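Coordinates in review
So the chains spell out like this:
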Amino acid sequence: MILLKAGYLDEQFIQLEELQDEANPSFVQEIVTLFYTDSARLVQNIEQALNGRPIDFSKLDDYMHQFKGSCSSIGAKKVTNECSVFREYCNAENAEGCIRTFQQIKQEYATLRRKLEAYFQILRQAAGA
Amino acid sequence: MAVAGEVLLSGSQELHVLAVDDSHVDRKVIEKLLRISSCKVTAVESGSRALQFLGLDGEEGSLGFNGLKVNLIITDYSMPGMTGYELLRKIKQSSAFREIPVVIMSSENILTRIDRCLEEGAEEFLVKPVKLSDVKRLKDCIMRGETEENRGRRFYKRKFEDDSSPPSSESSTPSSPSSPLPLPPLSAAPFACDLVATSEILSSPHSSKRAKLCNSD
């Protein structure tokens, strides 16, 4: 699966696909949708926390911990990795590092969303045809 | 009349699992993992909700409001309000529910955290993301624990270990083999397997990322 090869997703995503069955044929899509809906709030919180002066690094770490957990649960490998980098900057209280990394995170997060949407589209077409 | 506290399987042999996680995504995933493993699932978002469900929030009743006995509790560690560890403690402190096995899940693989949870009576500590194989192994372990009366075996093993340990090691009471040892509550961890997990953890601090509960592989 090309998203796996390109490093966007990891084995956890495959695990989720394996849980899908006839009774619940769009399980993975539902989880992904839930992930994006749910994490939007966290992304906003992180954004706000980064704009605070002074920055509350402990709160930031809290939000990021939650966000990273969700990313890892759906197998979003690249995003999860960036989150780890972020947390390191956070622990070091490096505001610039956090801000820069967060830009990266948002990009990967958006890219993944697009790719997954395309992926599900293809699956739907294949199922329909 | 200890029936309420005993973890008995219903005739249908289906485990009823109470899953606790503040993350909506994780709740949905664990629910699916459990359902696919033929377990009944009740998923709640917090420790306090879990206690409410069990009827431990100060109100009477111990079977959960839908009358189903809970055979296993699986909870996230880091949750706002009440952590999974605190929930674990409350459950182990309750006479009605201390026999229910509690499994902790965490995205962080911290040895001291794992130790703390196991010491407090957790059956197992799973590192997230939880896999289907984790759930299956867990289920097998519990089913086996129920049916093989491991309680009796474990009781014996614990007692033997306590007898052979030097008197100064743990308690301050003078050694006297004939005096009744303060027996660990059978309910703390009614499966033979958990002793293996503890000793493995202690002997290999840098190894496996989860407490390998059953030597069943």
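1. Regarding the overall build of chain A
A tally of helices and strands in chain A yields six helices and zero strands. The helix and strand sequence of chain A, counted from the amino end, reads α-α-α-α-α-α. Across its three principal axes, chain A shows a C-alpha extent of roughly 55 × 25 × 20 Å. Across the 129 residues that make up chain A, the buried fraction comes to 44%.

2. Digging into the interface of chain A and chain B
Contacts between the two partners involve 21 residues from chain A, matched on the other side by 17 residues from chain B. Buried area between chain A and chain B, summed over both chains or domains, comes out near 1600 Å², and the portion from carbon and sulfur atoms is 61%. When the buried surface of chain A facing chain B is broken down by residue, A:Leu19, A:Leu34 and A:His65 rank first, second and third, together holding 32% of it. Linking chain A with chain B are four salt bridges, by the criterion used here. Between B:Glu108 and A:Arg87 there is a salt bridge, with its nearest N and O atoms 3.4 Å apart. Taken together, chain A and chain B are joined by five residue pairs in polar contact (both at pLDDT 80 or more). Looking at the side of chain A that touches chain B, the elements that each hand over two or more residues are helix H2 (11–19), helix H3 (27–51) and helix H4 (57–74) of chain A. It is H4(A) that provides the largest number of residues to the side of chain A that touches chain B, a total of seven residues. Of the residues in the side of chain A that touches chain B, the class split is seven nonpolar, nine polar and five charged.

3. Notes on the pattern of salt bridges
Tallied over the full model, the rule gives 17 salt bridges over all chains. When salt bridges with common partners are traced through the structure, they connect A:Asp61, A:Arg87, B:Glu108 and B:Arg113 into a single cluster.

4. Some points on the sheet that holds strand E2 (residues 40–44) of chain B
Residue and element names in this part refer to chain B. Read from one edge of the open sheet, five strands run E2-E1-E3-E4-E5, paired in parallel fashion. Two strands close off the open sheet at either side, each with one partner strand: E2 and strand E5 (124–127). Between one strand axis and the next, the sheet turns by 20 degrees as a mean value, whatever way the strands run. Strand direction decides the pairing type here: strand E1 (residues 16–20) and strand E3 (residues 72–76), joined by four bridges, are parallel. Bridge pairing in E3 links leucine 18 to isoleucine 73. Strands E1, E2 and E3 of the sheet are contacted by helix H2 (residues 47–54), whose axis makes an angle of about 150 degrees with E1.

5. Regarding the side chain of A:Thr101
Mapping A:Thr101 onto the fold places it in helix H6 (residues 95–128). If sequence neighbours within four positions are ignored, A:Thr101 has contacts with A:Glu82, A:Val85, A:Phe86 and A:Tyr89.

6. A closer look at the nonpolar core
In this structure, A:Leu60, A:Phe67, A:Phe86, A:Leu116 and B:Ile74 are the most contacted members of the largest nonpolar core, which totals 60 residues. In this view, A:Phe67 contacts A:Ser39, A:Leu42, A:Val43, A:Ile46, A:Val79, A:Cys83, A:Ile105 and A:Tyr109; residues no more than four positions away in its chain are not counted. B:Leu51, B:Tyr77, B:Tyr85 and B:Ile114 belong to the second largest nonpolar core, which has 26 residues in total.

7. So, the pairing of E2(B)
Each regular strand displays side chains that alternate between the two surfaces of the sheet. Residue and element names in this part refer to chain B. For E1 and E2, the ladder comprises five bridges, and the chain directions are parallel. Bridge assignment links alanine 19 to a residue of E2, and that residue is alanine 43. The parallel pair E1 and E2, bridged by helix H1 (residues 24–36), forms a crossover whose chirality is right-handed.

How each quantity is defined
- Residues numbered from 1 in each chain as written.
- Chains lettered and ligands numbered in written order.
- Predicted model: local features only at pLDDT ≥ 70, side-chain atom pairs only at ≥ 80, totals over all residues.
- Heavy atoms only, no water.
- Helix = DSSP H or I, 4+ residues; strand = E, 2+ residues; numbered from the N terminus.
- Buried < 20%, exposed > 50% of the residue type's maximum accessible area, 1.4 Å probe, protein only.
- Contact = heavy atoms within 4.5 Å.
- Buried area = accessible area lost by both parts, 1.4 Å probe.
- Salt bridge = Lys/Arg side-chain N within 4 Å of Asp/Glu carboxyl O.
- Polar contact = N/O pair within 3.5 Å; in protein donor to acceptor, adjacent residues only side chain to side chain.
- Nonpolar A, V, L, I, M, F, W, Y, C, P; charged D, E, K, R; others polar.
- Pairing = 2+ DSSP bridges.
- Axes fitted to C-alpha atoms, helices over the stretch in contact; angles between N-to-C directions.
- Core = buried A, V, L, I, M, F, W, Y, C linked by side-chain atoms within 4.5 Å.
- Right-handed = clockwise from strand over helix to strand, strands pointing away.

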